[in-house]
Amino acid sequence: MSGIPHPELERWRTEFPILQTRTYLNSCSLGAVSRRSMGYLGEYQALWNTMGASAWYELWMGRLGQLKQSVATMWNARETEIALSPSVSGALSSIASSIDYRKRNRVVVAELDFPTLVYQWLARPDVEVVRVPSHDGIGVPPERWAEYVDERTAVVATSHVFYGTGYVQDLSGAAAAARRAGALFLVDGYQAAGQIAVDPRAVDADVYVAGPLKWLLGGPGIAFLWVRQERIAELRPTIASWFGARDQFLFRNDELEFRDDAGRFSMGTPAVPTAYTALGGLEIFAEAGERKIYERIAALTEDLVQLAREAGMEMKIAADPARRSGIILVRHHDAPGAVHRLAQQNVIVDYRAGYVRVSPHFYNTPDENRLFIDALQRC
Ligand SMILES: Cc1ncc(COP(=O)(O)O)c(C=O)c1O
């Protein structure tokens, strides 16, 4: 017995063809594609081919609505709080454009956040970006945020899970500091959604962004934006698209009235193929059981950490297992070379600044963890 919970979920491995030919441990970059998603992609192509533009109104708009509803259900949210965007960067820039920086011109982020989150405000000459440092290069303790957030702060923006260390932030400190200062609290949950439970209200966020590309197994081309119902009306974007207009199909170009719901942050025609593949991924989550998936990822993470320790490997991960997630950084003197050599042996992982980055999903097994560690030792 491996001690990894929910071994019955291994039956889902046949749903992901890549697992038959590769040891695929890179879901934090790109989740594996399922037969379900590929089937949906085929359905989308067939509709395009047989119905042409009428597929838009009769079916594709419905699928886009279904996708928003599925995300809302997964996040304990209302569909009116969800918008689809072409990328997390697009969703973030729409929100960043909605804020008046004349009274408050600071945005507080973490040193460890993904660049695109910070770039939204580095790109604006009217904003001063304040970066909360990490004392260990791995995480940021919740109490640090209060030192950097004050009445000059317009937005506190940070990650739920840091992409470079897998550290799961306790967001309570950042949320409380934002509330006290009257700032907007924005969470980038791209590395959280699909590997830990996400409930934007439970972490007291005003805005939460993620997408289907990674852990949610849905592919690139769409991101999910949640905006707290009570904050939507006060956020008026200064970048716009006809999908965000209240009466989109009246085609008025003499005035712009934004939608009342989060749809006002939409950025043009969505990637319909991704709506289809993303629905496939979300269905698998619902059928396999979200909670089981998260428990399995957590156990596979600890298994991998233990194997790496036994092999004497150095890692950049949280000391507290409660703050770890399925992104494990293993030091290597030649990480890009090791990743390349592993790929030649059909072991797919990634690297970040001196470390091999490995990310097991629920469809992986302890045997694959062992195979990876053995192969890395030879690299
Ligand atoms: C935490 C995080 N945020 C944002 C992004 C980038 O999102 P996008 O390319 O959709 O703008 C990534 C991509 O790896 C990420 O890990």
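Procedures and definitions
Residues numbered from 1 in each chain as written. Predicted model: local features only at pLDDT ≥ 70, side-chain atom pairs only at ≥ 80, totals over all residues. Heavy atoms only, no water. Salt bridge = Lys/Arg side-chain N within 4 Å of Asp/Glu carboxyl O. Helix = DSSP H or I, 4+ residues; strand = E, 2+ residues; numbered from the N terminus. Buried < 20%, exposed > 50% of the residue type's maximum accessible area, 1.4 Å probe, protein only. Pairing = 2+ DSSP bridges. Axes fitted to C-alpha atoms, helices over the stretch in contact; angles between N-to-C directions. Lys, Arg positive; Asp, Glu negative; His and termini not counted. Polar contact = N/O pair within 3.5 Å; in protein donor to acceptor, adjacent residues only side chain to side chain. Contact = heavy atoms within 4.5 Å. Domains from an automatic or database assignment. Buried area = accessible area lost by both parts, 1.4 Å probe. Nonpolar A, V, L, I, M, F, W, Y, C, P; charged D, E, K, R; others polar. Near = heavy atom within 4 Å. Areas by Shrake-Rupley, 256 points an atom, 1.4 Å probe, with all protein chains shown as cover.

Visitor: Any chance you could explain the pattern of salt bridges here in plain terms?
Guide: Should the charged atoms of two oppositely charged side chains come close, the side chains can pair. Following the criterion strictly, the structure yields 31 salt bridges and no others. The closest approach of N and O atoms between R201 and E81, which form a salt bridge, is 2.5 Å. Here the residue R201 occupies a position in the loop between β6 (184-188) and β7 (207-210), and E81 occupies one in the loop between α3 (54-74) and β2 (82-85), the gap between them amounting to 120 residues. In this structure E81 comes out as buried when scored by relative accessible area, which is 1%. Its salt-bridge partner being D206, residue R228 comes within 3.5 Å of it at the nearest N-O pair. Of the two residues, R228 sits in the loop between β8 (223-227) and α7 (229-232) while D206 sits in the loop between β6 and β7, which places them 22 residues apart along the sequence. In this structure R228 comes out as buried when scored by relative accessible area, which is 10%.

Visitor: Sorry, what's going on with the sheet that holds strand β11 (residues 350-352) here?
Guide: Strands in a sheet are paired, the pairing made by backbone hydrogen bonds, and the direction either parallel or antiparallel. Strand order in this open sheet of three strands is β9-β12-β11, and the pairing throughout is antiparallel. Of all the strands in the sheet, the pair left with one neighbour each is β9 (328-331) and β11. On average, each strand axis in the sheet is inclined to that of its neighbour by 40°, with strand direction left out of account.

Visitor: Before we go on, may I ask you to explain the side chain of R264 in this structure?
Guide: By the secondary structure assignment, R264 is in the loop between α7 and α8 (272-288). Here R264 sits buried without a salt bridge, and the closest side chain of opposite charge, D260, lies 4.6 Å off (N-O distance). Reaching out from R264, the side chain makes a polar contact with the backbone oxygen of L235 at a distance of 2.9 Å. Leave out the neighbours within four places in its chain, and R264 touches I232, A233, L235, R236, P237, G244, F258 and R259.

Visitor: What is the right way to look at the domain arrangement of the protein in this model?
Guide: For the protein, the assigned domains read domain 1 (7-33 + 289-377) and domain 2 (41-284). Taking only C-alpha atoms into account, the centre of domain 1 sits 27 Å from that of domain 2. Each partner contributes to the interface: domain 1 provides 30 residues, whereas domain 2 provides 23 residues. Here domain 1 and domain 2 share an interface that buries about 2,100 Å² over both sides, 60% of which is from carbon and sulfur atoms. Per-residue buried area on domain 1 facing domain 2 is highest for Y294, R323 and I327; these three make up 28% of the total on that side. Taken together, domain 1 and domain 2 are joined by zero salt bridges. Here domain 1 and domain 2 share ten residue pairs in polar contact (both at pLDDT 80 or more) between them. Of the residues that constitute the side of domain 1 that touches domain 2, the class distribution is 15 nonpolar, eight polar and seven charged.

Visitor: How do you make sense of the site of the ligand when you look at a structure like this?
Guide: Around the ligand, the surrounding shell consists of S87, V88, S89, F114, T116, Y163, D188, Y190, Q191 and K214. Taking D188, its side chain carries an N or O atom lying 2.6 Å from a nitrogen atom of the ligand. With respect to the ligand, the side chain of Q191 contributes an N or O atom lying 3.3 Å from an oxygen atom. Contact with the protein chains hides 82% of the accessible area of the ligand, taken as 400 Å² for the molecule alone.

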